[in-house]
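Here is how the chains run, residue by residue.
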Number of protein chains: 2
Amino acid sequence: MSEFSVIEQYCTALGASHSGTEIGVGDDAAVVAVPPGMRLAVSVDSMVEGVHFFQDAAPNDLAWKLLNVNLSDMAAMGALPKWATVTLTMPQENHLWLADFSAELHRAATQAGVQIIGGDTTRGQLNISLTIMGLLPKDDVISRSGAKPGDDLYVSGTLGDAALALAAIEQRVALSAVQRRVVEAKLHRPQAQVALGQALLGFASAGLDISDGLLGDLAHIAKASQVSVEVNADAVPVSQVYREYQNAGGDLSLALAGGDDYQLAFTASAQHRDSVLAQAAKLGVEVTCIGRIVPLSSTPVVVLLDGKPAPELSHSSYQHFD
Amino acid sequence: MSEFSVIEQYCTALGASHSGTEIGVGDDAAVVAVPPGMRLAVSVDSMVEGVHFFQDAAPNDLAWKLLNVNLSDMAAMGALPKWATVTLTMPQENHLWLADFSAELHRAATQAGVQIIGGDTTRGQLNISLTIMGLLPKDDVISRSGAKPGDDLYVSGTLGDAALALAAIEQRVALSAVQRRVVEAKLHRPQAQVALGQALLGFASAGLDISDGLLGDLAHIAKASQVSVEVNADAVPVSQVYREYQNAGGDLSLALAGGDDYQLAFTASAQHRDSVLAQAAKLGVEVTCIGRIVPLSSTPVVVLLDGKPAPELSHSSYQHFD
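Residues numbered from 1 in each chain as written. Chains lettered and ligands numbered in written order. Predicted model: local features only at pLDDT ≥ 70, side-chain atom pairs only at ≥ 80, totals over all residues. Heavy atoms only, no water.

- An unreviewed UniProt entry lists chain A under the name Thiamine-monophosphate kinase, from Arenicella chitinivorans.
- The UniProt entry for chain A carries the following text under Function (unreviewed entry): "Catalyzes the ATP-dependent phosphorylation of thiamine-monophosphate (TMP) to form thiamine-pyrophosphate (TPP), the active form of vitamin B1."
- Recorded under Sequence similarities (unreviewed entry), the UniProt text for chain A is reproduced unchanged: "Belongs to the thiamine-monophosphate kinase family." (UniProt positions renumbered as here; feature names shortened; annotations may be inferred.)

Okay, here's the thing in structure tokens:
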């Protein structure tokens, strides 16, 4: 055992406990059962100090965000998140930090129905990583490659608040204290759209989560589906604070190309329009049609403003702050 | 996309390709099918510069070792390794490093039948992590908790060479150039006993892989199985180079309490003795009986020399070099 065994004490037996988990933390590997008729969806995301978060980031916010950026990948596939492994590298044993981090990871994972079944801890620059595993029906998945010309294009929630918060923190934008509080919560506490993802199984033809900025992420759908995407910029949903920012002279670029939204962007054929909206309404999740899929052209993502091409809005995608 | 997309180019589509992989790298999550009658074993291990390896470590050795320390956890459970996700944090884009690392990860994963189905890359202190997933029959596993009084205790291979190499690198021990080359290969290129682990399913009553040092790891079996373990120190198998080191005055402590061996320690009832040895012989793997399981006493791991308790040999377990 290394001197870091104390970390393991904090990071053991976290999250929900499942009947599907036959051996949990404490052996060489965990053993889980995938129910008959289901497949396994697997994804991993890391967060590194100075790249994905500032040095003074609150450990409970980091635990929340680490889990949710991974939950968001499950949401994008329509998968039900079940298990996760966590790695934690930190410069020295900091019991207060560990207590906050592990308590919030436990709380958030339990709330999401996820069990932490493995982990590894080491000394070094702060670096946290989570591999998430979820269940998908054998015959259903939301991939990036199923969009067809004529499909509607939707996003969940509102976009741009996390990027607006980052701009305010970096003093590129001036916000009031109240405005900052609202958008910083979006940056530090994204809420993955897990229930929506599952509700869209069978309706969405393609989808992904918006982590690197709407336009850049839509380009992934265009490429994987061999189509082009038309986005009506004026339809892109933004928050009240974002509207205030626009009224003070801000433009749409943070909503179109900012990152860290962790909302879903997805496509569905017109015949499913009522079902999509009904599913979203049932969950109390805002879903907005922002465009449509068109045949592949030389421009994978076309941005329209008042129905006319607005190439000046076709910003490149988000770069993490570093 | 971050400026690190170039890393993704190196770390995509690595390893074996499986019929069980329905969606691989390139979507929000990979999707894999666990065959009927099988369960999933999951484990994660990280390696951080300055803790698990020196700054000048060769990238191909790191890729090999990262995979094998994780394969070793699958071996310990008797699982068949199938899929992995990888995270890579590095200070700057280094194409030569990435080419070497990813080529070796591809080669070693392919050889082991493992497909890399996901990954994440970031900038920061060098930190590599791998989550491995493997298959286990529904009704069989080698856990730490099944050892019973009367069972034989075995280890595979020889022990102590990796710790001896580290001692030589740190100039605590003097070895010849040839001796160093032999033991450094054991430190940098451990070979997980995957085939042996699977062959032991149904015969081994308990087992784990020796990563933190034999005695410390046996204490895990003792605790999980609620038994004590008797180890005959004179029976612990060591290499020719280790014998030379002993002839020059070295003792057994590196073999008993050193780390990074990645051999299996396991128990089996006497009735399976012939089967255990036959399975090992069929695979060409050396397996040695080094003791037995006894009823729980106040000492979880008792070290015997010439049949008598040798408490001076009951060293504490390995600490990673830092």
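1. Topic: the domain arrangement of chain A
All names here are of chain A.
Here comes step 1: Domain boundaries in chain A define domain 1 (5-137) and domain 2 (152-313).
Here comes step 2: Computed over C-alpha atoms, the centres of domain 1 and domain 2 are 27 Å apart.
Here comes step 3: In this complex, domain 1 contributes 21 residues to the contact, which on the side of domain 2 involves 20 residues.
Here comes step 4: Each partner contributes to the roughly 1600 Å² buried at the junction of domain 1 and domain 2, and carbon and sulfur atoms together form 57% of this total.
Here comes step 5: Per-residue buried area on domain 1 facing domain 2 is highest for Phe54, Trp64 and Lys65; these three make up 30% of the total on that side.
Here comes step 6: Here domain 1 and domain 2 share three salt bridges between them.
Here comes step 7: Viewed at the interface, domain 2 and domain 1 are joined by eight residue pairs in polar contact (both at pLDDT 80 or more).
Here comes step 8: Where the side of domain 1 that touches domain 2 is concerned, the elements lending two or more residues are helix 2 (59-77), strand 4 (80-90), helix 3 (95-112) and strand 6 (127-137).
Here comes step 9: Split into classes, the residues belonging to the side of domain 1 that touches domain 2 amount to 12 nonpolar, four polar and five charged. (Domains from an automatic or database assignment. Contact = heavy atoms within 4.5 Å. Buried area = accessible area lost by both parts, 1.4 Å probe. Salt bridge = Lys/Arg side-chain N within 4 Å of Asp/Glu carboxyl O. Polar contact = N/O pair within 3.5 Å; in protein donor to acceptor, adjacent residues only side chain to side chain. Helix = DSSP H or I, 4+ residues; strand = E, 2+ residues; numbered from the N terminus. Nonpolar A, V, L, I, M, F, W, Y, C, P; charged D, E, K, R; others polar.)

2. Considerations on the environment of Gly124 of chain B
Here comes step 1: Checked against the element boundaries, Gly124 of chain B lands in the loop between strand 5 (115-123) and strand 6 (127-137).
Here comes step 2: Since its relative accessible area comes to 10%, Gly124 of chain B is described here as buried.
Here comes step 3: Spatially, the C-alpha atom of Gly124 of chain B lies 26 Å from that of Ser211 of chain B, the residues being 87 residues apart in sequence.
Here comes step 4: The contacts of Gly124 of chain B, once residues within four sequence positions are left out, are Val48 and Gln125 of chain A together with Thr89, Met90 and Pro91 of chain B. (Buried < 20%, exposed > 50% of the residue type's maximum accessible area, 1.4 Å probe, protein only.)

3. Here's the deal with the UniProt feature "binding site: Mg(2+) 1" (unreviewed entry) in chain A
Here comes step 1: Mapped onto the present numbering, the UniProt feature "binding site: Mg(2+) 1" (unreviewed entry) falls at Asp45 and Asp120 of chain A.
Here comes step 2: Structurally, the position occupied by Asp45 of chain A is in strand 3 (residues 38-48).
Here comes step 3: Beyond its immediate sequence surroundings of up to four residues, Asp45 of chain A is in contact with Leu66, Val69, Asn70, Asp73, Ile128, Ser129 and Leu130 of chain A together with Asp120 of chain B.
Here comes step 4: For Asp120 of chain A, the position within the fold is in strand 5 (residues 115-123).
Here comes step 5: Asp120 of chain A sits in the buried class, given a relative accessible area of 12%.
Here comes step 6: Leave out the neighbours within four places in its chain, and Asp120 of chain A touches Val86, Thr87 and Leu88 of chain A together with Val44, Asp45 and Ser46 of chain B.

4. Thoughts on the interface of chain B and chain A
Here comes step 1: At the interface, 60 residues of chain B touch 59 residues of chain A.
Here comes step 2: For the pairing of chain B and chain A, the buried interface totals around 4500 Å² over both sides, and the portion due to carbon and sulfur atoms is 51%.
Here comes step 3: Our count for the contact surface shared by chain B and chain A stands at six salt bridges.
Here comes step 4: A salt bridge links Arg39 of chain A to Glu22 of chain B; the nearest nitrogen and oxygen atoms lie 2.4 Å apart.
Here comes step 5: The tally of links from chain B across to chain A stands at 24 residue pairs in polar contact (both at pLDDT 80 or more).
Here comes step 6: Elements supplying a minimum of two residues to the side of chain B that touches chain A: strand 1 (21-23), strand 2 (30-32), strand 3 (38-48), helix 2 (59-77), strand 4 (80-90), strand 5, strand 6 and strand 8 (204-210) of chain B.
Here comes step 7: Among the elements that take part in the side of chain B that touches chain A, strand 3 of chain B stands out by supplying nine residues, more than any other.
Here comes step 8: Note that strand 2 (residues 30-32) of chain A and strand 3 of chain B share three bridges and pair antiparallel. Note on strand 3 of chain B: the bridge partner recorded for Ala30 of chain A is Val42 of chain B. (Pairing = 2+ DSSP bridges.)

5. Details of the sheet that holds strand 4 of chain B
Here comes step 1: Taken in spatial order, the six strands line up as 1(A)-2(A)-3(B)-6(B)-4(B)-5(B) in an open sheet, and their pairing is mixed. Taken across any chain shown, the strands that pair with only one partner, and hence form the sheet edges, are strand 1 (21-23) of chain A together with strand 5 of chain B. Going across the sheet, the axis of each strand differs from the next one's by a mean of 20°, ignoring polarity.
Here comes step 2: Packing against the sheet, helix 2 of chain B makes contact with strand 1 and strand 2 of chain A together with strand 3, strand 4 and strand 6 of chain B, and its axis sits at approximately 145° to strand 3 of chain B.
Here comes step 3: Across the sheet, helix 3 (residues 95-112) of chain B is in contact with strand 4, strand 5 and strand 6 of chain B; its angle to strand 4 of chain B comes to roughly 170°. (Axes fitted to C-alpha atoms, helices over the stretch in contact; angles between N-to-C directions.)

6. Here we look at the pattern of salt bridges
Here comes step 1: This model, assessed by the stated rule, comprises 24 salt bridges over all chains.
Here comes step 2: Where Arg144 of chain B meets Asp28 of chain A, a salt bridge forms, and the shortest distance between an N and an O atom there is 3.1 Å. Of this pair, Arg144 of chain B sits in the loop between strand 6 and strand 7 (152-156) while Asp28 of chain A sits in the loop between strand 1 and strand 2, on two different chains.
Here comes step 3: When its relative accessible area of 6% is taken as the criterion, Asp28 of chain A is described as buried.
Here comes step 4: Two residues, Arg180 of chain B and Glu184 of chain B, come together in a salt bridge whose shortest N-O distance is 3.0 Å. Residue Arg180 of chain B and its partner Glu184 of chain B are both found in helix 5 (residues 177-188); the two are separated by four residues, about one turn of the helix.
Here comes step 5: A relative accessible area of 19% places Glu184 of chain B in the buried class.

7. Some words on the sheet that holds strand 11 (residues 287-295) of chain A
All names here are of chain A.
Here comes step 1: Strand order in the open sheet formed by seven strands is 8-10-7-11-9-12-13, and the pairing between neighbours is mixed. Across the chains shown, the open sheet's two edge strands, defined by having one partner strand only, are strand 8 (204-210) and strand 13 (308-309).
Here comes step 2: Across five bridges, strand 7 (residues 152-156) lies against strand 11 in antiparallel orientation. Directly across from Leu153, in strand 11, lies its bridge partner Gly291.
Here comes step 3: Contacting strand 8 and strand 10 (263-268), helix 2 crosses the sheet at an angle of about 170° to strand 8.

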